[in-house]
Amino acid sequence: MSDFSQSPVIAVLGPTNTGKTHLAVERMCAHSSGMIGFPLRLLAREVYDRVVALKGANRVALVTGEEKIVPPDARWFLCTAEAMPIDRDFSFVAIDEAQLGINPERGHIFTDRMLNIRGRDETMILGSDSLRPLVEKLIPDVEIISRPRFSTLSYAGPRKLSRLPRRSAIVAFSVEDVYAIAEMLRRQHGGAAIVMGSLSPQTRNAQVKMYQDGEVDYLVATDAIGMGLNLDVSHVAFAALKKFDGRRRRRLTLAEIGQIAGRAGRHQKDGSFGVLSGLASSDELEPEEIQRLEDHDFPRLEWLYWRNADPDVTSVTSLIQSLEDKPKDRLLQAAPEAIDLAVLKRLVKDPAVSRLATGRAEVRLLWEAACIPDFRKVGADHQARFVASLWPYLVQGNGRIPHARMAQEIARLENVQGDISTLAARISAARSWSYIAQKSRWVEQAEVMVERTRLLERRLSDAMHSQLTQRFVDKRTRVLMRGLLKGALPQDVALETDGAVLVDGLEIGTLKGFQFIVPSDSRREDRKMLLAAAERYLGPIMTDKADALAKAPDSELALAADEAGQPVVYWQEAKLAVLAKGKDLLHPEIKFDRALKDISPENSKKAEERIKQWVETMKAKHLEGLVKIDGLANDATTPASVRALFAQIVEAGGIIMRRQIDQAVRALDNDMRGVARRGGLVFGALDIFHHALMKPGAVLWRNALFAALDEQPMIALPGDNAVHLKDWKFAAPDHASRLGFRKIGNEYVRVDMAERLVKQAHEARQQGPIFAVDPALATSLGLSSEVHEALLEMAGFAKTDDHPPAAEPDKAEAAEPDAKEAEKPEAIAPSETAESAEVESADEISQPETPKIYWCWKGMGKARPNNHRKHQGKKTAHRKKSGKSGSQSRKAEPVLASAGGAFAELAALKEAMKK
């Protein structure tokens, strides 16, 4: 750069939060051209955006190692210190954070820029007040301007992470610590933004915007936060006071602590700092250190790191020697071996590299290649191997890395899938190729490669921001926890029609009945916290829900089996209660869902009373007959024998096999049977049952009550109004009866339909001792002839090979209408028979008439082996010839009583009246 020794040099020194950078930007924009060197790419980008807003994008340049935006008419340059174009002439030049000359890795860069780069009209050095004595001694005639801090910085002491105030920044010194702290903040406060120097500008800006816009209240950062980044931070908390500086783990200097802590407060807004308690890596600050930090009284710097900025490139050996030269000024010290020099030394040990570095141009080129930043943080050995792989392309042929090689490397990185560490590694590699692409003389199709690496970094950065946000930000937790703070503003809580609970427009869960359900995408460790915090918002909603349940019509509640088969009362698809074992079948215990216990006592009582009322109403509606029978069984005015019978019937759920209580039935006189019939009982031949218990609602409730009493899962129900089950399996023999079915062979028939078929057979007996039974009714019910026959045999009928005696023609004609009327089946509901009746008609037309099957009555109590059927049939035929029917040859009442059916009882009553 030209010698502008006569141009003024101004050093603006002071603590952080003094607006030094803002002052430099204002002064630069007042000149015809200017350049500022920053310590971070992030900061350079931030100021670039600010200057573009003032001067226009076509006149402002951004120059960093990985990014160059240099319009043809660019006059104001914002750069990183390493990337400053020192061969250009500018009216104004500034170097920011000049005290970084003490940094072991990069200090020599800042020292060189401070000592050797000047603006034509003005040069400005920005830094800490600790730099004052060195600036005065190293730069003659420098003008020093002290900038006092605009606000007060005070020590707030150690605090737990959970107790940090909002708008806090937590500083850690490793990626692992940054992520661990961010994870804890997500659980406790809903999330945090992350700022690290290794992040791309896009990712960092997206994270900072999230913090600045109030989407999160906390920021977790590395010490990069101390390098002039402008953030709205009120408190800085140190997660540790030690860091690894590339060589050893050491304690931060007081100046470094002050640099970082000074980020707290903004302009005239006071700030505070402290350390985290409860962390193994945290240290306490000594009282003397605290006082000096609050007073911004830091030790003065006594020297800066220096390295030869114009090394000898005659040979590789002379290059290394000149880079290791000692400074002549006692205020300067030789810089420790930086990564670039370490890489160079390893490269020259490789014969394949050194033999191609023979001339000045080649040596200069080798040094330039060795200076490729180690963005991946892989160390000197790995970085040297990476540079060595590129060196032959740079020094041979056209001196450019082949387009295919770069395209292949970039394509390998274009995968945006993966976790945070994977994306971070890809971004670091992409930054290396972005740096190389900016060296236009190194690559083929430089403009194409620059654009491609820029797009690559942007895509990876977007994915990284998405991953960081997904992992370390939980908006639901943030909304809930913010509402719990003292003095928090009222929040808008709404319940959507689908049950979604919204707080300030953000869905925090779903209310199903009285149960708050945490979203399925919530992490397991967050669920307890979300449930606890949500209680604050659900009080008024729960009151409204309890009122709605109390006023809900019966149709809105339902009884159904849950996933375990338990009988559960539901409302709005949510569990309210489970029916459990009680004192007897009709009086189950109602166990209310835990969600009802978690609401207020008043609301809980309101809901529980409605559930109890509904259960009683449903029992009265669907089990009315059974409830009445139970009442008669417990009524002292009911005859004792009837009470005993009713008690057994109630215990069986209103359906019981007749043979189980046949003796009790036989003991009933007509008056007692009248009492039973008034209770709704049907005394069938095979079963005694209440006629109303066959309805779907009654079947469901009987099933549920038995499941509760037996503490067993509910039985799977057939379709509504099913009267015949062909392919059906019951786990236990009594399960069929509980659903109103009787087993016939390997199939099941509903008991009332079975009794209709038995009654039909008894009506057919009027034809004579040998008679046929019309199969139409059985067919309409879907029964096969085998099942129909098995049912009749079970009811006391037997097939016979005999035929009824032939009637005389005139008598037969006269008797035909009566016979047809006797064979006509009892009418049943059209919905049950319409379809089968249609099939029956078709069968009558298309199929030949099947031979009739003849039956005779043998009596249920007098069953005989099958080999006696023929003899019995002949005996019956003989009675017919003698003019006596089978019914006349025996006493009707005992036989009919043993047959059981309602028709048989009526016939017995008529016979008794004749006598």
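Read on for an overview of the structure. Going along each chain's sequence as written, the residues are numbered from 1 onward. Local features are withheld for residues below a pLDDT of 70 in this predicted model, meaning they are given only at 70 or higher, and side-chain atom pairs are given and counted only at 80 or more; totals for whole chains, interfaces and linings count all residues. Remark: hydrogens and water are excluded; side-chain values derive from all non-hydrogen atoms of the structure.

The angle between two axes is taken between their N-to-C directions and runs from 0 to 180 degrees, where each axis is a line fitted to C-alpha atoms and a helix contributes only its stretch in contact. Strands are runs of DSSP state E lasting at least 2 residues, helices are runs of H or I lasting at least 4, and numbering of each runs from the N terminus. At their nearest, the axes of helix H5 (residues 175-189) and helix H16 (residues 446-472) sit 8 Å apart, and the two run at 50 degrees to each other. Between H5 and H16, the crossing angle belongs to the class labelled oblique. Residues Tyr179, Ala182, Glu183 and Arg186 of H5 lie in contact with H16, whose contacting residues are Met464, Leu468, Arg471 and Phe472. Geometric relationships in this document are graded by angle, where less than 35 degrees denotes roughly parallel, more than 145 denotes roughly antiparallel, 65 to 115 denotes roughly perpendicular, and other angles denote oblique. The contact rule is simple, with two residues in contact once any of their heavy atoms fall within 4.5 Å.

Turning next to the sheet that holds strand S22 (residues 515-517). What makes two strands pair is DSSP finding at least two bridges between them. Pairing is antiparallel in the open sheet, where four strands are placed in the order S19-S20-S21-S22. Taken across any chain shown, the strands that pair with only one partner, and hence form the sheet edges, are strand S19 (493-495) and S22. For this sheet the average axis-to-axis angle between neighbouring strands, irrespective of direction, equals 30 degrees. Here strand S20 (residues 500-503) pairs with strand S21 (residues 506-512) via four bridges, running antiparallel. For Ala500, the partnering residue across the bridge sits in S21 and is Thr510.

Salt bridge, as used here: a side-chain nitrogen of Lys or Arg that lies within 4 Å of a carboxyl oxygen of Asp or Glu. Evaluated as defined, the whole model comprises 49 salt bridges. One salt bridge in this structure joins Arg132 and Asp129, with 2.9 Å as the shortest N-O distance. Exposure remark for Asp129: the relative accessible area of 18% places this residue in the buried category. Here Arg307 ties to Asp340 by a salt bridge, and the two come within 3.0 Å at their closest N and O atoms. Residue Arg307 is found in the loop between strand S17 (304-306) and helix H9 (316-323), and its partner Asp340 is found in helix H10 (residues 339-348); the two are separated by 33 residues along the sequence. The exposure classification of Arg307 matches that of Asp340, with both residues buried. Think of it in three bands: residues with accessible area under 20% of the maximum for their type are buried, residues over 50% are exposed, and the middle band is partly exposed, with areas taken using a 1.4 Å probe on protein chains only.

On to helix H22 (residues 640-651). Here the expected length of a helix is defined as 1.5 Å per residue gap, with one fewer gap than residues. Between its first and last C-alpha, H22 extends 16 Å over twelve residues, near the 16 Å set by a 1.5 Å rise per residue. Looking at H22, one finds that the buried residues are Val642, Leu645, Phe646, Ile649 and Val650. Viewed along the axis of H22, the buried residues span an arc of 135 degrees, placing them on a single side of the element. Those residues of H22 that are exposed and angled more than 90 degrees off the buried face are Ala640 and Glu651. Residues of H22 that are buried in the fold lie against helix H21 (624-633), strand S27 (655-657), helix H23 (662-666), helix H24 (670-678), strand S28 (681-683) and strand S29 (687-690). Gly653, located one to two residues past H22, shows a positive phi value of around 85 degrees. Arc definition: directions from the helix axis to the C-beta atoms.

With that out of the way, let us pick up the sheet that holds S27. The strand order across the open sheet built from three strands is S27-S29-S28, with neighbouring strands paired in antiparallel fashion. Each end of this open sheet is capped by a strand with a single partner; those strands are S27 and S28. Across the sheet, the axes of successive neighbouring strands diverge by a mean angle of 15 degrees, strand direction being ignored. Looking at chain direction, S27 and S29 are connected through three bridges and run antiparallel. The partner of Met657 across the bridge, within S29, is Asp687. Its contacts with the sheet place helix H27 (residues 751-764) against S27 and S29, and it is angled at close to 125 degrees to S29.

With that out of the way, let us pick up unusual backbone geometry. A positive phi angle is found at Glu97, which is not glycine, with a value near 55 degrees. Take Glu97: it is sitting in the loop between strand S6 (92-95) and helix H3 (107-116). Taking the relative accessible area as the measure of exposure, Glu97 reaches 6% and is therefore buried. Of note in this structure, Glu573 is not a glycine but carries a positive phi near 65 degrees. Considering the arrangement of structural elements, one finds Glu573 in the loop between strand S24 (567-571) and strand S25 (574-584).

Once that is clear, we can look at helix H20 (residues 601-622). Compared with the 32 Å implied by 1.5 Å per residue over 22 residues, the 31 Å span of H20 between its first and last C-alpha is a close match. For H20, the full list of buried residues reads Asn603, Ser604, Ala607, Glu608, Arg610, Ile611, Trp614, Val615, Met618 and Lys619.

Our next topic: the packing of helix H7 (residues 254-261) against helix H8 (residues 287-295). One way to put it is that H7 packs onto H8 with a least axis distance of 10 Å and a crossing angle of 50 degrees. Taken together, the axes of H7 and H8 are oblique relative to one another. The chirality of how H7 crosses H8 is right-handed. Across the interface between the two elements, Leu254, Ile257 and Gly258 of H7 pack against Glu289, Arg292 and Leu293 of H8. Here a crossing is taken to be left-handed if its near helix is turned anticlockwise relative to the far helix by less than a right angle, and right-handed if that turn runs clockwise.

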